[in-house]
Amino acid sequence: MARAISTRRKWIVTVIAWAIGLAIFFPVLWTILTSFKTEGEAIASPPSFLFFDWTLENYQTVQERSDYLRHFWNSVVLSLGSTLCGLIIAVPAAWSMAFVPGRFTKDILMWMLSTKMLPAVGVLMPIYLLCLNAGLLDTKVALIFVLMMINLPIIVWMLFTYFREIPGDILEAARMDGATMRSEIIHVLVPMAVPGIASTLLLNIILAWNEAFWTLNLTTVNAAPLTQFIASYSSPEGLFYAKLSAASTMAIAPILILGWFSQKQLVRGLTFGAVK
Amino acid sequence: MATTHTRAAAKIMMSPAVILLLGWMIVPLAMTIYFSTLSYSLYNPGDTPFVGWGNYQYFVTGPSFWPAMINTLWMVGGVLLITIIGGVLLALLLDQPFFGQGIVRILVIAPFFVMPTVSALVWKNMFMNPVNGLFAYIAKVFGFAPVDFLSEIPLLSIIIIVAWQWLPFATLILLTALQSLDTEQMEAAEMDGAPAVSKFFSIILPHLSRAITVVVLIQTIFLLGIFAEIFVTTNGGPGNATTNLTYLVYLEAIVGQDIGSGSAGGIIAVVLANIVAIFLMRMIGKNLDI
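Note that the structure is a prediction, hence the values are computed from the model and not measured.

Draft legend 1. Representation of the overall build of chain B in the model. Scanning chain B from terminus to terminus reveals 13 helices and 0 strands. Secondary structure elements in chain B, listed N-terminal to C-terminal, are α-α-α-α-α-α-α-α-α-α-α-α-α. Taken against the 2.2 N^0.38 rule, which gives 19 Å for 290 residues, the C-alpha radius of gyration of chain B at 24 Å runs more than 25% over that of a compact globule. Taken along the three principal axes of its C-alpha coordinates, chain B extends 75 × 75 × 30 Å. In chain B, of all internal contacts separated by at least 6 residues, the share reaching a separation of at least 24 is 70%. When the accessible area of chain B is evaluated, it comes to approximately 12900 Å², of which 69% is carbon and sulfur surface.

Draft legend 2. Up close: a nonpolar patch on the surface. A grouping of Met181(A), Ile185(A), Ile186(A), Val190(A) and Val194(A) is seen on the molecular surface, where their side chains present a nonpolar patch of about 430 Å² in accessible area. Along the chain, the position of Ile186(A) falls in helix α9 (residues 181-210).

Draft legend 3. Main features of empty space enclosed by the protein. Counting across every chain of the model gives 2 cavities of 30 Å³ or more. Approximately 1100 Å³ is the volume attributed to the largest cavity. When residues in the lining of the largest cavity are grouped by element, the largest group, 5 residues, is from helix α7 (residues 140-164) of chain A. Tallied by class, residues from the lining of the largest cavity come to 37 nonpolar, 7 polar and 3 charged. Put simply, the second largest cavity is a space of about 50 Å³. Taken together, Pro27(A), Val28(A), Thr31(A), Ile252(A), Val114(B), Val118(B), Ser119(B), Val122(B) and Trp164(B) make up the full set of residues lining the second largest cavity. Elements with a minimum of two residues in the lining of the second largest cavity: α1 (3-34) of chain A together with α5 (116-127) of chain B. Of the residues belonging to the lining of the second largest cavity, the class tally is 7 nonpolar, 2 polar and no charged.

Draft legend 4. Focus on the UniProt feature "transmembrane region" (unreviewed entry) in chain A. All names here are of chain A. With numbering aligned to this structure, UniProt lists the feature "transmembrane region" (unreviewed entry) at residues 12-33, 72-96, 108-129, 141-163, 184-209 and 240-261. Its end C-alpha atoms 29 Å apart, residues 108-129 is made of 86% helix and 0% strand. As annotated, residues 240-261 comprises 95% helix and 0% strand, and the C-alpha atoms at either end are separated by 32 Å.

Draft legend 5. Fine view of the interface of chain B and chain A. With 96 residues of chain B at the contact, the number on the chain A side is 102 residues. With both sides pooled, the region where chain B packs onto chain A buries about 9100 Å², and carbon together with sulfur makes up 81% of that total. The largest share of the area that chain B buries against chain A comes from Trp24(B), Phe99(B) and Phe113(B), three residues that together contribute 10% of it. If you look at where chain B meets chain A, you find 0 salt bridges. Across the chain B-chain A interface, the total number found is 13 residue pairs in polar contact (both at pLDDT 80 or more). Ranked by the residues each element gives to the side of chain B that touches chain A, the list is headed by helix α1 (residues 4-35) of chain B, at 18 residues. Class assignment of the residues belonging to the side of chain B that touches chain A gives a composition of 73 nonpolar, 18 polar and 5 charged.

Draft legend 6. Layout of the side chain of Lys199(B). When you line up the elements, Lys199(B) lands in helix α10 (residues 196-223). Apart from the residues lying within four places of it in its own chain, the contact partners of Lys199(B) are Met186(B), Ala189(B), Glu190(B), Ala194(B) and Ile204(B).

Draft legend 7. How the structure looks around the packing of helix α3 (residues 65-95) of chain B against helix α8 (residues 154-179) of chain B. All names here are of chain B. Relative to each other, α3 and α8 sit at 40°, their axes nearing to 6 Å. Overall, the two elements α3 and α8 adopt an arrangement that is oblique. Handedness of the α3/α8 crossing: right-handed. The residue inventory of the contact of α3 with α8, partitioned by class, reads 21 nonpolar, 7 polar and 1 charged.

Draft legend 8. Looking closely at the UniProt feature "transmembrane region" (unreviewed entry) in chain B. Those residues carrying the UniProt feature "transmembrane region" (unreviewed entry) are residues 12-35, 73-94, 106-123, 153-178, 211-232 and 259-281 of chain B in this numbering. Taken end to end, residues 73-94 of chain B has its terminal C-alpha atoms 30 Å apart, with 100% of it in helix and 0% in strand.

Draft legend 9. Up close: the layout of surface pockets. If you add up the space inside the second largest pocket, you get close to 600 Å³. Around the second largest pocket sit 22 residues that line it, and Trp95(A), Phe99(A), Val100(A), Met181(A) and Thr6(B) are the ones nearest its centre. Of all elements in the fold, only α4 (68-99), α8 (168-176) and α9 of chain A together with α1 of chain B reach the threshold of two or more residues within the lining of the second largest pocket. No other element matches α9(A), which puts 7 residues into the lining of the second largest pocket. In terms of residue class, the lining of the second largest pocket is built from 17 nonpolar, 3 polar and 2 charged.

Reading the values: the criteria
- Residues numbered from 1 in each chain as written.
- Chains lettered and ligands numbered in written order.
- Predicted model: local features only at pLDDT ≥ 70, side-chain atom pairs only at ≥ 80, totals over all residues.
- Heavy atoms only, no water.
- Helix = DSSP H or I, 4+ residues; strand = E, 2+ residues; numbered from the N terminus.
- Rg over C-alpha atoms; globule rule 2.2 N^0.38 Å.
- Contact = heavy atoms within 4.5 Å.
- Areas by Shrake-Rupley, 256 points an atom, 1.4 Å probe, with all protein chains shown as cover.
- Patch = residues over 30% accessible without salt bridge, like charges linked within 9 Å, V, L, I, M, F, W, Y side chains within 5 Å.
- Salt bridge = Lys/Arg side-chain N within 4 Å of Asp/Glu carboxyl O.
- 1 Å grid on protein atoms, 1.4 Å probe; cavity = no way out; pocket = protein on both sides within 12 Å on 5 of 7 lines; lining within 4 Å.
- Points joined across faces, edges and corners; volume = space filled by probe spheres on them.
- Nonpolar A, V, L, I, M, F, W, Y, C, P; charged D, E, K, R; others polar.
- UniProt positions renumbered as here; feature names shortened; annotations may be inferred.
- Buried area = accessible area lost by both parts, 1.4 Å probe.
- Polar contact = N/O pair within 3.5 Å; in protein donor to acceptor, adjacent residues only side chain to side chain.
- Axes fitted to C-alpha atoms, helices over the stretch in contact; angles between N-to-C directions.
- Parallel < 35°, antiparallel > 145°, perpendicular 65-115°, else oblique.
- Left-handed = near helix turned anticlockwise from the far one by under 90°.

Structure (structure tokens):
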């Protein structure tokens, strides 16, 4: 039915969609392109799009001048550390809520969600002072803890919704077949839970990597991750576009790639399952 | 099926998460409330007399409070307006069959993964800069005078930057909701020869209303806390033009080292966020069956 029209329509939609998609992506693309230009070409008028002398010099300068690798390492430690600690605490909790729901399970889940609604700025002073007095300002330990706490409700919720999807019948069937508790967990439960746990891990690494309020307020030098590293370019140094672009590209590349793998988790994790 | 034994085990497994979150919520919040009643400056830490509502009064009657509240509302409202309308249109577009759907989807989602400090700096310098920015170049090509975005229209500029970051989120959620639309109903409407506009208003939009509400509520929670974008672009200025509530508390507490008044501001932010949160929690709670 109406084949010809639908093919033409498909082409029109294709052109519009690509144009809009590229427009939205353009700031990212432009940053990546600029990172390979010389400073002169970065501010050239008219701007050069693809035909310029590609150079890796900016990447080298950024690393030498502001020690990208140290900040990168801090970002990795903070986001991985906070996510893993969160998982260790959240997996048993989500597990028991999903498989042994009690009278208060729903209330507990809703209450956990409510802690996520607490604006960071409402608890900034005490956390800042506690860190200051304990000598934990600008340390990774403090930040791992804070990042873990702000993401813990999301971790519990995501895991809970994944675990709920594991059918209880399968567990009972395994038990009927004479599986021991141990083999039930290792051979039946874990394989079914791994995708959910991996998704949760992925989304939380992204959230922790990009979190800026706490990292900007609680770190200066030693524990400073990439958010802080980039913020240092807000000084006149940011006017060196090629270097700013190289630094930016290096800060967003890992998470951009991870992010593309976790689109579905994004919907699930950030809406707490309210949109399916 | 659950025995007393497993119930007890479940409670033990749950307790670390519950205790930690309870502590995380109660301890700092109680401290903030306590600090908000003290005259407490880090420049003068030994002496912290009780002042009751004094800090609240000081914070609320300060010259920056109302501008900050109004800016907060503009930022939340402006970004919501752009992302919801844009998100619905984009979701409708991406839901159509076309070539390279997967790739375009990836392009559209990308801004959400760009860390806020990066997107703010890139927009500020490479696009909105009145001398070397791309927008200035485009304006010159068409014979217009370039706009100095962050000093002439600072609030709108921040709204544009933040909207760019949140448009993917709205699009993704709305697209997910759109894909769960009952195709039979659409086909029936098609058979009846319903025009696209009426299909949109009588079938699609009602179906999306729930997703739109969720997007509004979740984004509001995050948008009330916009910080990094202001921190690296305008520092709240010029004047108070881009100071929102979160940034004002930061200025009082961290820059001004006035813990008392910063705490009072923090509590006001908590109250504001809670008003939104109550609606959000109701929506999600309704959806949760245990």
